[in-house]
Amino acid sequence: MILNIFILILLVIAALWMVMTRSLLRSAIGLALVSLVLTIIMFRLSSPLAAVFELSVCAGLIPVLFISTISLTYPLSKQEMMEHFKARLRRFWYLPVLVVIVGVILSLLKIKPDITLPLPESAKDVRDVLWNLRPIYLIGQIIVLLAGAFGVVILFKDSKKDEH
Amino acid sequence: MNIEALQIFWPFSIFVIMLFVIGIYYVLATYNLIRALLGLEIMIKAITLLLIVAGYVSGHVALAQSLVITLIVIEVVAITVSVGIVLGIHSHTNSLDTRNLLEKTHEG
Amino acid sequence: MSLLIVIPFFSILVFNLPFLKTLRKAIFIWSIFLFLSQIVLSCCSISPSFLTKFAKPLHLFNFNLNLDGLGVIMLFLSATILLFTLIVSHSFIKEEKRRFNFITLLLFTLSALNGLVMVRDIFSLYIFVEITAIISYVLIAFDKDMRAMSAVFKYVILSTVASILMVSSIAIVLLLTGDTNFTVIYEALHMSGVNPLMMLALSLFVCGLFIKAGLVPFHGWLPEVYSYSSASVSILLAGILSKALGVYTLIRVLKNVFGLTSQIGTILLVVGTASILIGAFGALAQKNFKKMLAYSSISQVGYIIVGLASLNPLGFIGAVFHFFNHSIFKSLLFVNSAGLEKEIGTTDMAHLGGLSKRMPITATTSVLGILSAAGIPPLAGFWSKLLIIIALFVSGHYVYGIIAIFASVLTLAYLLSMQRMVFFGKLNEKFISVKEAGFSIVLPAIILGAIIVGVGVLYPLVFKALILLLA
């Protein structure tokens, strides 16, 4: 349990670093870091398959997506970046304080949720759930992937036409 | 096992709430379009954790995992499309600042 | 029933195959055929015996789908409005390639909306809400208009926050009941009684849906998105998309999952009344046809919510009936605004005037839409508003009922002043050569106007059918 708490604190620190850091690029890398820590927690909570997904997609694909977006948009010069950073720091410095206060207050509350847990599940495996019990999730994933791919094609193709 | 599992629910949800606070603060306080999307990502991370914890505590790990996998796929697509929109805005205004965005909108 | 999701989806795949380029010209005809067949199907499904007969042989895939009366109405509405959007867009999007893309997006929308209507699982509901939302982002940004882009970015942020709220509610439900199926959750809730965590889950979910529906504390995105998206897309958005995402899901979740309790009724009553009033006063101040329609949309959705909040069966029927009517008359008014945009190029009311001589059909149908929105007998909108107001009085919410009547008068005021500024009065000399909008815009307007009049005049029959469907 103590190890769990330690990793969770690490998670929050990673998220804070991501929010407070000065360049956009580092912020995107910070996202990968948050996902990485989250993956460890998922492994510890006996959800290895979802953890692998989180690792490959959220720690791998999404930061790459953000980094390529950042490099497609114009980069700031060093001086501008420092100015932005100072202005941002003025807006963001109370966030860690706020987060710590929220954490302390919530942990002092000591709420013991009074719930009756449901019966354990009958399905054994993720494969069983996805393929046999809930195939509609898979259909949904396929539709959303294709719709997204199609949408991105539409969004990007015509914007290139505008530039010509 | 369930009683023990129930005890870890509250500490985990404290951290979920903290992550959520970070994310929503980031979305509200930033002026940068990409940073707003990054803030949304932190919030999605928070609920991913919440789903996994809920599955672990209630002993429905397989169901929770399939939900998380589906959630991740949807999240990737949503973020990709919104990044496409950000690039579209950038090609119009040449900036990622929301303040510029509002000015342009009111002029037009 | 799974075919209703699968057929549009596979037709997209077939049309996008690289070696079938010649086939692409047929997509227009094919999608019209699909929409029409769905309309016919849903009309036939009014008799319940047909539903069971028709549903059985189509159980190809085990998707845990189900269709009830509310679902049938939704199927009818989504197919109708998609059909008219398709027809109207035909005169706006000229280029072959872009038209193909647009129609493909419409087919995606059909597939996603059918899924949204028929799923009986709270997480699948979320999946289809999200798919529909993603398609609507692309649709709004389709023209690459700068203002539409910035409006859609706002919408993306709010809608994603709403989805996050919904998923956190699903996580709590998973913790408490161990399942995401509607019936399982419903039974588990009735077993355990009131639980603070469950109330938290309910309020998170409902809060997310309020954002999606554009109800009052969260209505900021709606006017911009409606008015800056292109003409045909705004028909689709106002007519079905935002209603299906927000209002239908709200009705479904409250009816089948959480149950309508008196606490949630109070919240709905307050939010609905606030939406009615703020939408109406916001509309009074607008100078743009489309923006005014958008604010009026907020106000009319408020009526639906208030109808739900009255917590009696009459109010429920009234809410669903008003949902139907609102979809029809709002898409009619947006079709008319598309006609104006096409022929004149602006929807700014200060520049318009006296167009009724030049565009008689547009002017007449828009009068029909306006009177239906304001609740003038014998048009369709009158009956649904009457049902809602009676339900409010029956439940003892006299103050809210009086506010609803008052706002109805306000609706008439702002819509009639709009009508006067756009269609009546002196004709601006610039518009002396303006012609009636083309066939592809006038035809949907006439059909929608006919539906309004028909439903209004044949009200006893419609009411019986509604009771049959929703009981």
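Cut-offs used in this document
Residues numbered from 1 in each chain as written. Chains lettered and ligands numbered in written order. Predicted model: local features only at pLDDT ≥ 70, side-chain atom pairs only at ≥ 80, totals over all residues. Heavy atoms only, no water. Helix = DSSP H or I, 4+ residues; strand = E, 2+ residues; numbered from the N terminus. Buried < 20%, exposed > 50% of the residue type's maximum accessible area, 1.4 Å probe, protein only. Contact = heavy atoms within 4.5 Å. Areas by Shrake-Rupley, 256 points an atom, 1.4 Å probe, with all protein chains shown as cover. pLDDT = per-residue confidence, 0-100. Axes fitted to C-alpha atoms, helices over the stretch in contact; angles between N-to-C directions. Parallel < 35°, antiparallel > 145°, perpendicular 65-115°, else oblique. Nonpolar A, V, L, I, M, F, W, Y, C, P; charged D, E, K, R; others polar. Salt bridge = Lys/Arg side-chain N within 4 Å of Asp/Glu carboxyl O. Core = buried A, V, L, I, M, F, W, Y, C linked by side-chain atoms within 4.5 Å. Phe/Tyr/Trp six-rings, centres within 6.5 Å; stacked < 30°, edge-to-face > 60°. Lys NZ or Arg CZ within 6 Å of the ring centre and 35° of its normal.

## A closer look at the overall build of chain B
Right, so step 1: For chain B, the helix and strand inventory stands at 5 helices and 0 strands.
Right, so step 2: Of the regular secondary structure in chain B, the N- to C-terminal order runs α-α-α-α-α.
Right, so step 3: Buried residues in chain B amount to 77% of all 108 residues.
Right, so step 4: For chain B, restricting intrachain contacts to residue pairs at least 6 apart in sequence, the fraction spanning at least 24 positions comes to 56%.
Right, so step 5: Looking at chain B as shown, the accessible area adds up to about 3000 Å², and 61% of this sits on carbon and sulfur atoms.

## Things to note about the confidence of the model for chain A
Right, so step 1: Model confidence for chain A is summarised by a mean pLDDT of 82, while 86% of its residues fall at 70 or above.
Right, so step 2: At the level of individual helices and strands, chain A shows its lowest average pLDDT in helix 4 (residues 78-92) of chain A, which scores 75, and its highest in helix 2 (residues 24-44) of chain A, which scores 91.

## What about the packing of helix 8 (residues 182-192) of chain C against helix 11 (residues 231-258) of chain C?
Residue and element names in this part refer to chain C.
Right, so step 1: Where helix 8 contacts helix 11, the two axes come as close as 8 Å, and the packing angle between them is 60 degrees. Put simply, helix 8 runs oblique to helix 11. Between helix 8 and helix 11, the contacting residues are F182, I185, Y186 and L189 on the first element and R252, K255, N256, V257 and F258 on the second.
Right, so step 2: In the contact of helix 8 with helix 11, the residues fall into 6 nonpolar, 1 polar and 2 charged.

## Points about the pattern of salt bridges
Oppositely charged side chains are able to pair whenever their charged atoms sit close together.
Residues and elements named next belong to chain B.
Right, so step 1: Evaluated as defined, the whole model comprises 13 salt bridges over all chains.
Right, so step 2: Close ionic contact of K45 with E41 constitutes a salt bridge, the shortest N to O distance being 3.1 Å. Taken together, the residues span about one helical turn, with K45 and E41 both in helix 3 (residues 33-58) at a distance of 4 residues.
Right, so step 3: Classification of K45 as buried rests on a relative accessible area of 1%.
Right, so step 4: Judged by its relative accessible area of 0%, E41 is buried.

## Notes on the nonpolar core
Right, so step 1: Grouped together as the largest cluster of nonpolar side chains are 288 residues, with contacts concentrated most on A:F66 and B:I85.
Right, so step 2: For this core, the leading source of residues is helix 7 (residues 146-177) of chain C, giving 22 residues.

## Re the packing of aromatic side chains
Residue and element names in this part refer to chain C.
Right, so step 1: All told, the structure shown has 17 aromatic pairs over all chains when counted by the stated rule.
Right, so step 2: With centroids separated by 6.2 Å and ring planes inclined at 55 degrees, the aromatic side chains of F205 and F258 adopt a geometry described as tilted. You can see F205 sitting in helix 9 (residues 196-213) and its partner F258 sitting in helix 11, a full 53 residues away along the chain. Residues F205 and F258 agree in their burial class; the two are buried.
Right, so step 3: Every member of this aromatic cluster is reached through a ring pair, and the members are F321, F382, W383, Y459 and F463.
Right, so step 4: One Lys or Arg, K342, reaches over the ring of F92 and ends 5.9 Å from the middle of that ring.
Right, so step 5: One residue, K385, lies across the ring of Y303, its end atom 4.5 Å from the ring centre.

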